[in-house]
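For reference, the chains in residue letters:
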Number of protein chains: 2
Amino acid sequence: MSPPLSNLDRLECPTCHKTYEPTAPRNVCDCGRPLFARYDLTGVTRASLLPRRDLWRYLPVLPVSSEDHALTLGEGGTPLLQCPAIERTYGVSRVFVKDESANPTGTFKARGMAVAVSRAKELGLRRLAVPSAGNAGSALAAYAAKTGIEALVVAPKDTPLSILQETVLFGARLFLVDGTIAQAGDIVKAVCKDTDFFNVATMYEPYRVEGKKTMGYELFEQLGGLPDWVVFPTGGGTGVVGLWKAFQEMRELGWVDKAMPRIAFVQAAGCAPIVKAFKDGKEASDPWKNPATIAPGLRVPKALGDSLVLKAARESRGTGVAVEDDAMRAAVSEFARLEGIGACYEGGATLAALHQLVQGGSVKRDETVVLFNTGTPLKNPRPAVGMKVATVESSAELEEHLKG
Amino acid sequence: MSPPLSNLDRLECPTCHKTYEPTAPRNVCDCGRPLFARYDLTGVTRASLLPRRDLWRYLPVLPVSSEDHALTLGEGGTPLLQCPAIERTYGVSRVFVKDESANPTGTFKARGMAVAVSRAKELGLRRLAVPSAGNAGSALAAYAAKTGIEALVVAPKDTPLSILQETVLFGARLFLVDGTIAQAGDIVKAVCKDTDFFNVATMYEPYRVEGKKTMGYELFEQLGGLPDWVVFPTGGGTGVVGLWKAFQEMRELGWVDKAMPRIAFVQAAGCAPIVKAFKDGKEASDPWKNPATIAPGLRVPKALGDSLVLKAARESRGTGVAVEDDAMRAAVSEFARLEGIGACYEGGATLAALHQLVQGGSVKRDETVVLFNTGTPLKNPRPAVGMKVATVESSAELEEHLKG
């Protein structure tokens, strides 16, 4: 057995500050809001990080007690790619992409589920359920399969087929609803009340965000410091909340002392409840009516963690940006043709947002910006619209095409 | 500028042993067979490897002169995953999967193209062409986009749509042929004769195999030594040839002294020319008539490097295994449900082969076996055959399903 390494101390509500013992499974605070894992950071140093390539390198600041309980499919340790052609095109000194498509199941959702499922298993849970606009469900399915526990996924019926196929491949029980992740969430909540399924919905349990926060630690190590801006696509908000939590922990650890990165969270113009709340100066969002966007991960009409996203953006002197579907499509193409990077629509949204941030003067020319590509383009719905490919019978015919 | 680090010395035909200066672009040997890159290994030590996560860690044994010329999208550094449930099921002590789906564009083809395109760019080439059963084309497209050079891809018209979409996304010129990769290869060869496109077909230029060989170096470092068996799906053969070349170089470097791993190369029962040649005791394969398999990467009726694959299998006291499409499908499901690993059909073929190797007594119970999952399941054609998913309107309805 590996020695215990986690420094998990308590669960705490970052809003009302009530605390709980972390030794039993728990969803939200008594006040109904998300809980954070808190650690005793006194003994944590950079030397205490583990010599691993995956996110379990950060076990001293994760809630799982030892490597023996750490499920791994190779999550984390994703590349940070400098983008010289985008730098030239946008006139910004340093632009990087943190490419999360390298994760198991092809998206950053693997980070959250690796940690949440590991912790759930350690706490004795045997059945986990999640409402998902897509990728959280297939990530849960993969980690549940790895450790031999049961996974139940409820998703909107218009979730991309590739994601549904993947969820079924990993052996999860999958059900569809005629609605958004909001309706799926209501059903999962009710089922978890009536059965022994435990709900691992976004921000509705405290450990997925811990997995997501490892993106912030990796970024710090890969960049040798923190950037001026991070730009992150935001549906349920765990990505932004996780990054902000990582930045704050690293400050508490004394690893960073300069200004914290400014966080730009990005939503789809057709579903931008948190951007609207940001611009209206509100502390929480109102449910978005008739949410519609090509990016399934951004079709979240009301996020449980909305106030935490708003807090992260405001405290970091950041902002919220809404981008049109057409701009996401164009940005996915631009990522591919300028940098050879395959992006999901949600990832494309960050490049579309960069365009707005540079145009509006928020991002300065001498700044360092990190865009997060949260997943693979291979799950993008309808990518081939308008694609025409010629069939040729000879090299002569092909050479004619090349001349034309 | 980074200091030159490569120890590339010459190109050499491993069959007729003729050598060439490596300073000009070159396809095959005057004898028509593939060329290998050869290095001056005298100064290479484990300490001279670079502190990088990607395959450029192995720059001292790669043909690119310095880090400045190394194109990266984050290729290599893929996870090696132990598979306890497969070990129990198959009764083998140690089974690992080297999961190549974490590469850019989701397959191991990225390794070969990262190195070949970097070297081509360094040698001044501006237009590259490839015949591809799928993933080599999209990988070439991505790296060509990254460095701003032109890519031409010719593929069979029944290549999975997801791969064609990806190739177009990265801005390559894509043409289809009514045939297999063999017809595509003939057309590309003729076009490259008539134009300034340079042909980077499998084994038809010497540097893709150099990228592939980094899998062998990584395996050695991750495992702390070499396994008893490696099991690799084989269409064109660069994977097997690259691994075998890496093992031989590491022996020459003095890093390994015990017996070399036995290599089991795996083909589809519907297209198994090299397996047939192996069983028939021949030194080369005959073109396979009417090749048919669900795994696009295995639909290669005649490989230019067939004799090198046969040599690797024989010298390593390995073998060749042919597996049915149904066995691949079942193995993809088994990988997913037992281990949470998402595999392409070609990767599934290695697990189907393990079944045969254990049943036939080739792999012993106390041995260490490494299976190579060469790509993501997200490009698998027709994965959803038979998939049924219920739509529910309430938690009560879902709970009824769960009881049933």
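Residues numbered from 1 in each chain as written. Chains lettered and ligands numbered in written order. Predicted model: local features only at pLDDT ≥ 70, side-chain atom pairs only at ≥ 80, totals over all residues. Heavy atoms only, no water.

Considering the pairing of strand 11 (residues 262–268) of chain A
All names here are of chain A. Across the seven residues of strand 11, six count as buried, placing the element largely inside the fold. As paired strands, strand 10 (residues 229–233) and strand 11 are joined by five bridges and run parallel to one another. Among the inter-strand pairings, Val 231 is bridged to a residue of strand 11, identified as Ala 264. As judged from the five bridges shared by strand 11 and strand 12 (residues 319–323), these two strands associate in the parallel manner. Looking across to strand 12, one finds that Gln 267 is bridged to Ala 322. (Buried < 20%, exposed > 50% of the residue type's maximum accessible area, 1.4 Å probe, protein only. Helix = DSSP H or I, 4+ residues; strand = E, 2+ residues; numbered from the N terminus. Pairing = 2+ DSSP bridges.)

Describing the packing of helix 2 (residues 109–122) of chain A against helix 6 (residues 208–223) of chain A
Residue and element names in this part refer to chain A. Put simply, helix 2 and helix 6 touch, their axes get as near as 6 Å, and they point 125° apart. Classified by the angle between their axes, helix 2 and helix 6 sit oblique to one another. Here helix 2 runs over helix 6; the crossing is right-handed. In contact with Lys 109, Arg 111, Gly 112, Met 113, Val 115 and Ala 116 of helix 2, helix 6 contributes Arg 208, Glu 210, Gly 211, Lys 212, Thr 214, Met 215 and Glu 218. A class-by-class count of the residues in the contact of helix 2 with helix 6 yields four nonpolar, three polar and six charged. (Axes fitted to C-alpha atoms, helices over the stretch in contact; angles between N-to-C directions. Parallel < 35°, antiparallel > 145°, perpendicular 65-115°, else oblique. Left-handed = near helix turned anticlockwise from the far one by under 90°. Contact = heavy atoms within 4.5 Å. Nonpolar A, V, L, I, M, F, W, Y, C, P; charged D, E, K, R; others polar.)

Details of the packing of aromatic side chains
Inspection of every chain in the model, using the stated rule, returns twelve aromatic pairs over all chains. A centroid spacing of 5.5 Å and a plane angle of 35° characterise the contact between Tyr 58 of chain A and Tyr 217 of chain A, whose relative ring orientation is tilted. Residue Tyr 58 of chain A is found in the loop between strand 3 (36–39) and strand 4 (80–82), and its partner Tyr 217 of chain A is found in helix 6; the two are separated by 159 residues along the sequence. Residue Tyr 58 of chain A is classed as buried on the basis of its relative accessible area of 1%. Taking 6.0 Å as the distance between ring centres and 80° as the angle between the ring planes, the aromatic pair formed by Phe 265 of chain B and Phe 278 of chain B counts as edge-to-face. You can see Phe 265 of chain B sitting in strand 11 (residues 262–268) and its partner Phe 278 of chain B sitting in helix 8 (residues 273–279), a full 13 residues away along the chain. Like Phe 265 of chain B, the residue Phe 278 of chain B is buried in the burial classification. Aromatic ring contacts, followed pair by pair, group Tyr 58, Tyr 217, Phe 220 and Trp 255 of chain A into a single cluster. Above the ring of Tyr 20 of chain A, the side-chain terminus of Arg 26 of chain A is found at 4.0 Å from the ring centroid. (Phe/Tyr/Trp six-rings, centres within 6.5 Å; stacked < 30°, edge-to-face > 60°. Lys NZ or Arg CZ within 6 Å of the ring centre and 35° of its normal.)

A look at the confidence of the model for chain A
The predicted model of chain A averages 96 in pLDDT, with 99% of residues at 70 or higher. This prediction of the complex comes with two scores: 0.97 for pTM and 0.96 for ipTM. (pLDDT = per-residue confidence, 0-100.)

Brief notes about the sheet that holds strand 8 (residues 173–177) of chain B
The strands that make up a sheet are held in pairs by hydrogen bonds between backbone atoms, and each pair lies either parallel or antiparallel. With parallel pairing, five strands are arranged side by side in an open sheet as 14(A)-8(B)-7(B)-6(B)-9(B). Since the sheet does not close on itself, it has two edges, and those belong to strand 14 (390–391) of chain A together with strand 9 (198–199) of chain B, each with one partner. Looking at chain direction, strand 6 (residues 127–131) of chain B and strand 9 of chain B are connected through two bridges and run parallel. Paired with Leu 128 of chain B across the two strands is Phe 198 of chain B, which belongs to strand 9 of chain B. Along the sheet face, helix 12 (residues 395–403) of chain A touches strand 14 of chain A together with strand 7 (150–156) and strand 8 of chain B and points at about 155° away from the line of strand 8 of chain B. Sheet strands touched by helix 5 (residues 181–194) of chain B: strand 6, strand 7, strand 8 and strand 9 of chain B. Its angle to strand 6 of chain B, the strand with the most contacts, is close to 155°.

Regarding the relation of the copies chain B and chain A
By a simple turn and slide, chain B fits onto chain A: the slide is 0.0 Å along the axis, the RMSD is 0.0 Å, and the turn is 180°. One copy is carried onto the other by what is essentially a two-fold rotation axis. Minimal C-alpha separation from the rotation axis in chain B is found for Ala 102 of chain B, amounting to 2.3 Å. Taken together, the interface assignments show that 100% of the residues at the interface of chain B recur at the interface of chain A, consistent with an identical surface on both copies. (Least-squares fit on C-alpha atoms with pLDDT ≥ 70 in both.)

Details of the interface of chain B and chain A
At the junction of the two partners, chain B supplies 64 residues and chain A supplies 64 residues. For the pair chain B and chain A, the summed buried area comes to about 5200 Å², and 67% of that belongs to carbon and sulfur atoms. For chain B, the biggest contributors to the area lost against chain A are Arg 53, Leu 378 and Leu 402 of chain B; these three give 13% of the whole. Seen at the junction of chain B and chain A, the total is two salt bridges. One salt bridge in this structure joins Lys 146 of chain B and Glu 339 of chain A, with 3.0 Å as the shortest N-O distance. The interface formed by chain B and chain A includes 13 residue pairs in polar contact (both at pLDDT 80 or more). (Buried area = accessible area lost by both parts, 1.4 Å probe. Salt bridge = Lys/Arg side-chain N within 4 Å of Asp/Glu carboxyl O. Polar contact = N/O pair within 3.5 Å; in protein donor to acceptor, adjacent residues only side chain to side chain.)

Examining the layout of surface pockets
The computed volume of the largest pocket comes to approximately 1600 Å³. What lines the largest pocket is a set of 49 residues, and nearest its centre among them are Gly 77 of chain A together with Arg 53, Asp 54, Gly 76 and Gly 77 of chain B. Of all elements in the fold, only strand 4, helix 1 (84–90) and helix 10 (325–339) of chain A together with strand 4 (80–82) and helix 3 (135–147) of chain B reach the threshold of two or more residues within the lining of the largest pocket. With four residues, helix 1 of chain A is the single largest residue contributor to the lining of the largest pocket. Residue classes in the lining of the largest pocket are distributed as 19 nonpolar, 16 polar and 14 charged. (1 Å grid on protein atoms, 1.4 Å probe; cavity = no way out; pocket = protein on both sides within 12 Å on 5 of 7 lines; lining within 4 Å. Points joined across faces, edges and corners; volume = space filled by probe spheres on them.)

Some points on the pattern of salt bridges
Where charged atoms from two side chains of opposite charge come close, those side chains can pair. Applying the stated criterion across every chain yields a total of 56 salt bridges over all chains. A salt bridge links Arg 127 of chain A to Glu 150 of chain A, with the shortest nitrogen-to-oxygen separation between them at 3.1 Å. Remark: Glu 150 of chain A occurs in strand 7 (residues 150–156) and Arg 127 of chain A occurs in strand 6 (residues 127–131); sequence separation between them is 23 residues. The class of Arg 127 of chain A is partly exposed, set by a relative accessible area of 22%. On the accessibility criterion, Glu 150 of chain A (30% relative accessible area) is partly exposed. Residue Arg 127 of chain B is joined to Asp 196 of chain B by a salt bridge in which the shortest nitrogen-to-oxygen separation is 2.7 Å. Note that Arg 127 of chain B is positioned in strand 6 and Asp 196 of chain B in the loop between helix 5 and strand 9, a separation of 69 residues in sequence. When its relative accessible area of 52% is taken as the criterion, Asp 196 of chain B is described as exposed.

Quick notes on empty space enclosed by the protein
Residue and element names in this part refer to chain B. Across all of its chains, the model carries three cavities of 30 Å³ or more by this definition. Estimated volume of the largest cavity: approximately 450 Å³. Looking at the lining of the largest cavity residue by residue, the classes come out as 18 nonpolar, 16 polar and four charged. What the second largest cavity holds in volume is close to 60 Å³. What lines the second largest cavity is Pro 25, Arg 26, Ala 116, Ala 120, Leu 123, Leu 125, Phe 198, Val 200, Glu 205, Pro 206 and Tyr 207.

As for the sheet that holds strand 8 (residues 173–177) of chain A
The strand order across the open sheet formed by five strands is 9(A)-6(A)-7(A)-8(A)-14(B), and the pairing between neighbours is parallel. Each of the sheet's edge strands pairs with one partner strand only, and the pair in question is strand 9 (198–199) of chain A together with strand 14 (390–391) of chain B. With two bridges connecting them, strand 8 of chain A and strand 14 of chain B associate as parallel partners. The residue bridging Leu 176 of chain A from the neighbouring strand is Thr 391 of chain B, located in strand 14 of chain B. Against the sheet, helix 3 (residues 135–147) of chain A contacts strand 6 and strand 7 of chain A, and its axis sits at roughly 170° relative to strand 7 of chain A.

Structural notes on the side chain of Glu 218 of chain B
Residue and element names in this part refer to chain B. Along the chain, Glu 218 turns up in helix 6 (residues 208–223). A distance of 3.4 Å separates a polar atom in the side chain of Glu 218 from the backbone nitrogen of Thr 78. Among all residues touching Glu 218, those that are not within four sequence positions of it are Leu 55, Tyr 58, Gly 76, Gly 77, Thr 78, Lys 98 and Arg 111.

Section: unusual backbone geometry
Residue and element names in this part refer to chain B. In the Ramachandran plot, His 17 falls in the positive-phi region, its phi being about 70° despite a non-glycine side chain. Tracing the backbone shows His 17 in the loop between strand 1 (8–12) and strand 2 (19–20). At Arg 317, a residue that is not glycine, the phi angle is positive and equals roughly 55°. Looking at the element boundaries, Arg 317 is found in the loop between helix 9 (306–315) and strand 12 (319–323).

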